[in-house]
Amino acid sequence: MTVAAHGDRAREERAGFVPRVLAVPAVIGLALLILPLGALVLRVEWSTLWTDVTSPEALSALGLSLVTGAVATAVCVVLGVPLALLIARSTVRTAAVLRALVTVPLVLPPMVGGVAMLFLFGRTSWLGGVLAEWGIRIPFTTTAVVLAQSFVALPFLVLALEGSLRATGTGYEQAAAGLGAGRWRILARVTLPLAAPGLVAGIVLCFARAIGEFGATALFAGNAPGVTQTMPLAIYTAFNGAGVTQGTAVALSLLLLVTAVGVLLLVRAWRAEAPR
Amino acid sequence: MSPTPDGEGQAAVPAAGGLDARVRVHRGGFALDAALQVPAGEVVALMGPSGAGKSTLLGVLAGMTGFDEGHVRLHGRTLDERAPGASRGRRTPPSSRGVVLLGQDPRLFPHLSARDNVAFGLHVHGATKSAATAGAVEWLRRVGLEDLGGRRPAQLSGGQQQRVALARALATQPAALLLDEPLTSLDTETAGDVRALLHQQLAATRTTAVVATHDAVDAVALASRLVVLEDGRVTQTGPVRDVLATPATRFAAAVAGLNRVVGTTDASSKNWLGPGAVTWRSGGLELPGPEGVRPGTSSWAAVFRPGDVRIVDGSPHGAGEWTARIVRLEQTPAGVRVRTADPDVAVDVAAERAARFAARETITLRLDPADVRFVAAGGDVLIDSPGDANPPLPPG
């Protein structure tokens, strides 16, 4: 009885004092997100689904998406964690400027990013010229896919982790330093573990964005099967009917959807085990 | 293991041992200009009103806060040094000072168990994983938490968290331990327990320590010496009980729970003192002056307990009686404290007697001159000035 009473109180406290009528737009918002996916599932041709998703083209696109998405996420972690630390530990003014710079790729249409990267790494640019002299060509390669994905995904990781780092503050780092810990040990044993929720959220968002990336990849990396044709590009190609049916496109979309949900569930399970 | 008797003359600490700091910090309108000496293995209490600069000073000692001029030396090693006007100086980072700062918030790492929190410091100092864990278990036993090593900080009470933080700090055998109001956020009983533990462990480990506190009880229980810091300056230092018995400032008197009334000495006009005697006067209060003092030479403060003042009937007559106006009545656990003006004197009376009085009323007070101690009140005069390290401040 005591337990029940406690449970009720906990639920009441959790509910707070949000106006009840807000439930209406909340449900509409949820419907906006879920209904299109439902419509997609309704169009699946179950008879040909298995052959569609196991076709060499589909598996090649899925494999390329997972590999490039994973590599892009790794790139984002290596570059984004230091960038998030830099922003979180700078003055309010500097942090505001840096945060604005990081946010720009978020508000830009990814296609614009693709064009911009083409201008930077293309043969006509200074950088592209230098790279070409060394025999390195980036546009329309798998490397370009990773670069394009990193470009659009990096802000998600940086912003999520930076918020977490800033909220934790430097008090625990000071305590660790007082106990004699050096900077690397503090980073590994105190700062990053404390920011783990932000880091995990950032990695999930980053990977999800990388897998779904289309616009920048299309312009900067192209649509070569097995080299730069990731799942979104394969789906786009399928919808345009170049050699395959629309059913294939729907099947591929379902495959991407299932993959994304699978990754999310995996991370959730891992976080549930982790201490909080 | 009581601290060595600490005479007035030997206050200056030899540079070889202990903590020796002299720093100036300017931050906007605030200026800290203070010297602090802690003999090796001893505990010094640091008291002062809020905003006096206690935390700033501890931050400087811990290496978290920079300063504009001065030095910090610890056991013969110069940690920081900066010459006047120099754009930069020597500064030792917090991680290589051997100074642990323990504040009101114990700052236990929330993602580690109590045991791993203590082991963290040991591991940093080169212990293997198993040795660090064994050391942590032993330290948790010493602070009475042997059964709770597996818990996370969030699963511990405030007092238990402070115990773990103390174990974590002492386990690293710090060259100096700085405690910034470590008991403030604890309830009275828990604070008493942790205070006793602190005293016991600081004495057992002979740790050189500074305790900033608002509570005279902490100073008496933990420290051998007391430093009073007011408005960024040291106003009094000395053995704890000496400072509390002869407070040099209103703040120190308030901490000690004493009345401190500044007055002037004068040739007596009262026949009850006899010819040639000197009286001390402040507002309506007149007392036989301090012995051997010539009239008008300096100002003196009369120090006496609120409980030694009596409320009497009738008009004032004779030694130590005066008319006072009640400013307000303050309820205290023991009764009522009556605040009077001109001079500002607090009088403690039993609750049932206080019902007779009201604010703005006029009463007659009596104070036995035998209950009064006179303290030189030269304004900025330092009692027990620690030699050259802290020269008397210029007048004005």
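Every chain is numbered on its own, with residues counted from 1 as its sequence reads. All chains are assigned letters beginning at A, and all ligands numbers beginning at 1, according to the order in which they are written. At least 70 in pLDDT is required for a residue's local features to be given in this predicted model, at least 80 for side-chain atom pairs to be given and counted, and no such filter applies to totals for whole chains, interfaces and linings, which use all residues.

Undergrad: What am I meant to see in the nonpolar core here?
TA: One recurring pattern in soluble globular proteins is that nonpolar side chains are buried together. Definition of nonpolar core: a set of buried Ala, Val, Leu, Ile, Met, Phe, Trp, Tyr and Cys residues joined via C-beta atoms within 7 Å. Field definition: a residue is buried when 20 or more other C-beta atoms are found within 10 Å of its C-beta, exposed when 12 or fewer are, and partly exposed for counts in between, with C-beta atoms placed from the backbone. Within the largest apolar cluster, 165 residues are counted, with the highest numbers of intra-cluster contacts made by Leu178 and Val210 of chain B. Counting residues per element, this core draws most heavily on helix 8 (residues 142-168) of chain A, at 16 residues. By definition, residues are in contact whenever their C-beta atoms, placed on the basis of the backbone, come within 7 Å of each other. Ignoring sequence-local partners within four residues, the contact set of Leu178 of chain B consists of Leu58, Leu61, Ala62, Val99, Val100, Leu101, Leu102 and Val210 of chain B. By the criteria applied, helices consist of DSSP H or I runs no shorter than four residues and strands consist of E runs no shorter than two, each listed in order from the N terminus.

Undergrad: Please clarify how the interface of chain A and chain B should be interpreted in this entry.
TA: If you look at the interface, chain A gives 15 residues, while chain B gives 16 residues. When contributions to the side of chain A that touches chain B are tallied by element, the ones reaching two or more residues are helix 9 (171-178) and helix 10 (183-194) of chain A. Take the side of chain A that touches chain B: its biggest share by element is 6 residues, from helix 9 of chain A. Gly is placed with the polar residues, together with every amino acid not listed as nonpolar (Ala, Val, Leu, Ile, Met, Phe, Trp, Tyr, Cys and Pro) or charged (Asp, Glu, Lys and Arg). Per-class residue counts for the side of chain A that touches chain B are 9 nonpolar, 5 polar and 1 charged.

Undergrad: Could you clarify how one ought to interpret the confidence of the model for chain A in this entry?
TA: In regions of low pLDDT, the predicted coordinates are not meant to be interpreted in detail. Note: pLDDT gives the predictor's confidence per residue, expressed from 0 to 100. On average, residues of chain A score 88 in pLDDT, and 93% of them are at 70 or above. Here helix 1 (residues 2-15) of chain A is the element of chain A with the lowest mean pLDDT, 66, and helix 10 of chain A is the one with the highest, 95.

Undergrad: Mind showing me how you'd approach the pairing of strand 15 (residues 299-304) of chain B here?
TA: As a general feature of sheets, a regular strand has side chains that alternate between the two faces. Residue and element names in this part refer to chain B. In terms of burial, strand 15 is a largely internal element, 5 of the 6 residues being buried. Strands are treated as partners if at least two bridges between them are detected by DSSP. Strand direction decides the pairing type here: strand 12 (residues 259-267) and strand 15, joined by 6 bridges, are antiparallel. Across the sheet, residue Thr264 finds its bridge partner in strand 15, namely Ser299. When strand 15 meets strand 21 (residues 373-376), the two strands line up antiparallel, connected through 4 bridges. Directly across from Trp300, in strand 21, lies its bridge partner Ala376.

Undergrad: Can you walk me through the sheet that holds strand 20 (residues 362-367) of chain B in this structure?
TA: To summarise the sheet geometry, strands pair through backbone hydrogen bonds and adopt either a parallel or an antiparallel arrangement. All names here are of chain B. Spatially, the 5 strands line up as an open sheet ordered 16-20-17-18-19, and their pairing is antiparallel. The strands lining the two open edges of the sheet, one partner per strand, are strand 16 (309-312) and strand 19 (345-349). Within this sheet the neighbouring strands show an average axis-to-axis angle of 50°, counted without direction. With 4 bridges joining them, strand 16 and strand 20 adopt antiparallel strand pairing. Of the residues in strand 20, the one forming a bridge with Val309 is Leu367. Here an angle of 0 to 180 degrees is reported between the N-to-C directions of two axes, which are lines fitted to C-alpha atoms, with helices fitted over the stretch in contact.

Undergrad: For this particular structure, what's the right way to read helix 13 (residues 231-239) of chain A?
TA: In an α-helix, one full turn covers 3.6 residues, which means residues spaced three or four apart are oriented alike. With 7 of its 9 residues buried, helix 13 of chain A lies for the most part within the structure. Every buried residue of helix 13 of chain A is accounted for by Met231, Pro232, Leu233, Ala234, Ile235, Thr237 and Ala238 of chain A.

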